[in-house]
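Chain and residue survey
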Amino acid sequence: MNVLFLAAEADPFIKVGGLGDVAGSLPRFLRGLPLEVTNGTVLDVRLVLPLHPAIKNDSHGLRPLLIFPLSLKAGDIQVQVFETIFEGLPVYFLDGQPISESGSVYSSESSQDGEKYTFFSLAALELTRQLDWKPNIVHANDWHTALACYALLLGRWEGEFPGVSSVLTLHNLPFMGPDISSNMVEHNLLQVQTGLPEWANTKPLPLGLWAADAIVAVSPTYAREVLTPEFGCGLEDYLHARRESLNGILNGIDVDSFNPALDPAIGANFGIPTLEKRSLNKTALQVRLELPNDPDVPLLSVISRMDPQKGIDIIPTALRKLKDLKWQIVILGTGDPKLEESIKRAQAEFPDRIRAEFKYDPGLARQIYAGSDIFLMPSRYEPCGLSQMIAMRYGCVPIVSAVGGLKDTIYHNETGFIFEKPTPSRLATAIKKAFTVFSDHTRWEAMQKAGMSQDFSWAASARQYFQLYDRLMARLPNHNQTL
Ligand code: ADP
């Protein structure tokens, strides 16, 4: 079974958020699924990424592989392909003018992103023909690569890509991508009649959802939530009509990389039998952040993109409600300047209790997971969320809102605390409750250990993806047929 996995980012080559974690680990785990799980099927999974300029500067052993032309209305654009093998996984990097000319993975200039990812999605499909390697499944992720599903279906109608099915994983529905109608014209990609709402016909994510043979939401709860007006972003009716094709498969984390017993980024390694060593990481964190060094004060943490989605804005108000209690908090994240500003104001009010670092720092993130006591994630919506899983793995107890994958990964009062509706008062109440348990050492340790014992590995989810691929292959056998 050949699977072409497309993503805008993948750890360790380039990572902005959770998509990078998933694309950096799921394809490897799929490839490594034991034959007894796949009933003897050998999975040849290959990952394709844009060669973002930031990757170029790093050395990941990239080798030039081939150059081919992609034909556009205005003439050909050359696609340069580089290749490497990462822990057994073949990874292709595509370069070409629209990619090399754009700076960051996601630019604030949406038209630039539209051009870049249209080019990337179509070049990735063409790559399979150039390699003479026929995928059975094209697996796209989010709006950036969704157009590959659309182009694949149109190609199938024309007798190209016979027997190739597509899967689109939804990591974040509200990000549907910019209007790409002019890019589609430029790439000679027809705009056909779809059952989508009119406004959605020019956006890559809806077009991909329309064309994909299977849609995957990254948690079972999110798969149900996107069918409602609250979370469906105007596509709830369309998704409802396609509910037979909609699956919910929970993301996993790379439990080898996120392993407190071996993580080289933290000062003191620990596991369930050696949990007492964890306090050394708390002390080191307090020292590093120049917070008063007190083992008994609960140290809260946030590691997140600064985005209204994450409910960061309610945290300062919740903390003000708790000003008479003892606490410290460390916040690591970048993004929305308004959110950063509100945190800076709170820091000025509580200079000896709040530390904020507005940067992307994976090493510090690991030290925070390993050293802080309570992880806050009051998200307004959360398709899956990985941070709460990483936190639990490191013995940091999460407090989360009752949405999406947060509901699917946490047992209330056992591995964390779940509260309804992200408002400052509800968050403050949940934090207070956590403080009560924190003050009871035995109960707290039991919660930490319960979280650390959870299996967040990819094993179960990779198997579900395989089963989905298998079903699709059975439905669309290897001849010229459309669904
Ligand atoms: P999302 O994908 O919505 O950003 P997730 O919880 O699924 O949220 O994944 C976020 C990932 O990015 C986690 O691995 C988290 O540790 C990491 N992360 C987020 N912000 C930072 C940061 N400022 N520095 C380092 N890692 C970060």
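Note that the coordinates shown come from a computational prediction; the quantities given were computed from them, not determined experimentally. (Residues numbered from 1 in each chain as written. Predicted model: local features only at pLDDT ≥ 70, side-chain atom pairs only at ≥ 80, totals over all residues. Heavy atoms only, no water.)

1. Points about the overall build of the chain
Counting secondary structure elements, the chain contains 18 helices and 15 strands. On C-alpha atoms alone, the chain measures out to a radius of gyration of 23 Å, which is about the 23 Å that the 2.2 N^0.38 rule sets for 483 residues. In the chain, which comprises 483 residues, the share counted as buried stands at 59%. Contacts in the chain between residues at least 24 apart in sequence constitute 72% of all its contacts with a sequence separation of at least 6. With the model as given, the accessible surface of the chain reaches about 19100 Å², and the carbon-plus-sulfur share is 51%. In the chain, 44 positive and 54 negative side-chain charges are present, and the distance between their average locations comes to 5 Å. (Helix = DSSP H or I, 4+ residues; strand = E, 2+ residues; numbered from the N terminus. Rg over C-alpha atoms; globule rule 2.2 N^0.38 Å. Buried < 20%, exposed > 50% of the residue type's maximum accessible area, 1.4 Å probe, protein only. Contact = heavy atoms within 4.5 Å. Areas by Shrake-Rupley, 256 points an atom, 1.4 Å probe, with all protein chains shown as cover. Lys, Arg positive; Asp, Glu negative; His and termini not counted. Charge placed at Lys NZ, Arg CZ, Asp CG, Glu CD.)

2. Concerning the side chain of aspartate 307
Mapped onto the fold, aspartate 307 is located in the loop between β10 (299–303) and α11 (314–321). On the accessibility criterion, aspartate 307 (17% relative accessible area) is buried. A distance of 2.8 Å separates the side chain of aspartate 307 from the backbone nitrogen of glutamine 309, its partner in a polar contact. Setting aside chain neighbours within four positions, we find aspartate 307 in contact with Phe175, Ile312 and Leu339. (Polar contact = N/O pair within 3.5 Å; in protein donor to acceptor, adjacent residues only side chain to side chain.)

3. Quick notes on the pattern of salt bridges
A side chain with one charge can pair with a side chain of the opposite charge if their charged atoms come near. The full count for this structure, using the stated rule, is 21 salt bridges. Where aspartate 21 meets lysine 15, a salt bridge forms, and the shortest distance between an N and an O atom there is 2.8 Å. Through salt bridges with shared partners, a single ionic network connects Arg288, Glu357, Lys359 and Asp361. (Salt bridge = Lys/Arg side-chain N within 4 Å of Asp/Glu carboxyl O.)

4. Observations concerning helix α5 (residues 142–157)
Within an α-helix, residues lying three or four positions from one another point in the same direction, as the helix has 3.6 residues per turn. The end-to-end C-alpha distance of α5, which contains 16 residues, comes to 23 Å, matching closely the 22 Å that a straight helix rising 1.5 Å per residue would cover. Here α5 lies mainly inside the structure; 15 of its 16 residues are buried. Positive backbone phi, at 90°, marks glycine 159, one or two positions downstream of α5. (Expected span 1.5 Å × (residues − 1).)

5. Brief notes about the sheet that holds β10
Strand order in this open sheet of 6 strands is β12-β11-β10-β13-β14-β15, and the pairing throughout is parallel. In the strand order of this sheet, the two ends are held by β12 (354–357) and β15 (417–419), each with one partner. Each adjacent strand pair in this sheet contributes to an overall mean axis angle of 20°, direction not counted. Pairing between strand β11 (residues 328–332) and β12: 4 bridges, direction parallel. Its bridge partner being in β12, valine 330 is matched across the sheet by arginine 355. (Pairing = 2+ DSSP bridges. Axes fitted to C-alpha atoms, helices over the stretch in contact; angles between N-to-C directions.)

6. Structural notes on the site of the ligand
Of all residues adjacent to the ligand, which total 21 residues, the nearest are Gly18, Arg305, Lys310, Tyr369 and Ser387. One nitrogen or oxygen atom from the side chain of lysine 310 is found 2.7 Å from an oxygen atom belonging to the ligand. One of the backbone N or O atoms of lysine 359 is found 2.8 Å from a nitrogen atom in the ligand. Starting from 570 Å² of accessible surface for the ligand in isolation, the protein chains cover 93%. The set of elements that each furnish at least two residues to the shell around the ligand consists of α1 (18–31), α13 (362–371) and α14 (387–393). (Near = heavy atom within 4 Å.)

7. Re the pairing of strand β6 (residues 137–141)
Burial of β6 is extensive: 5 of the 5 residues sit out of reach of the surface. Alternating residues of β6 divide into Ile137, His139 and Asn141 and Val138 and Ala140, and every residue in both groups is buried. Strand direction decides the pairing type here: β6 and strand β7 (residues 165–170), joined by 5 bridges, are parallel. Paired with isoleucine 137 across the strands is serine 165, a residue of β7. Crossover β6 to β7 through α5 is right-handed. (Right-handed = clockwise from strand over helix to strand, strands pointing away.)

8. Considering the nonpolar core
Core analysis: the biggest nonpolar cluster contains 135 residues, and Leu173 and Tyr469 have the highest contact counts within it. Tallying contributions element by element places α5 first for this core, with 10 residues. Apart from the residues lying within four places of it in its own chain, the contact partners of tyrosine 469 are Met1, Val3, Phe5, Leu30, Leu43, Ile137, His139 and Val167. (Core = buried A, V, L, I, M, F, W, Y, C linked by side-chain atoms within 4.5 Å.)

9. Notes on the confidence of the model for the chain
Note: predicted coordinates in regions of low pLDDT should not be interpreted at a detailed level. Overall, the prediction assigns the chain a mean pLDDT of 95, with 98% of residues at 70 or greater. Scored below 50 in pLDDT, residues 479–483 makes 15 contacts in the model with residues more than four places away or belonging to other chains. (pLDDT = per-residue confidence, 0-100.)

10. Description of the side chain of threonine 194
You can see threonine 194 is positioned in the loop between α6 (181–186) and α7 (204–211). A relative accessible area of 14% places threonine 194 in the buried class. Within the local environment of threonine 194, its side chain forms a polar contact with the backbone nitrogen of leucine 196, the two atoms lying 3.2 Å apart. Within the structure, threonine 194 has its side chain in polar contact with the side chain of asparagine 201 (distance 2.5 Å). Threonine 194 has contacts with Asn201, Leu207 and Trp210, leaving out every residue within four places of it along the chain.

11. A closer look at the packing of helix α16 (residues 424–438) against helix α17 (residues 441–452)
Viewed as axis vectors pointing N to C, α16 and α17 meet at an angle of 110°, and their least axial separation amounts to 7 Å. Classified by the angle between their axes, α16 and α17 sit roughly perpendicular to one another. Across the interface between the two elements, Ala434, Val437 and Phe438 from α16 touch His441, Arg443, Trp444 and Met447 from α17. (Parallel < 35°, antiparallel > 145°, perpendicular 65-115°, else oblique.)

12. Things to note about helix α18 (residues 459–475)
For α18, which comprises 17 residues, the first-to-last C-alpha distance of 25 Å matches the rise-based estimate of 24 Å (1.5 Å per residue) to within 8%. Every buried residue of α18 is accounted for by Ser461, Ala462, Tyr465, Phe466, Leu468, Tyr469 and Leu472. Buried residues of α18, seen end-on, are gathered within an arc of 160° and therefore sit on one face of the element. As for α18, its buried residues are in contact with β1 (2–6), α1, β6, β7, β8 (214–217) and β9 (246–248). (Arc of directions from axis to C-beta.)

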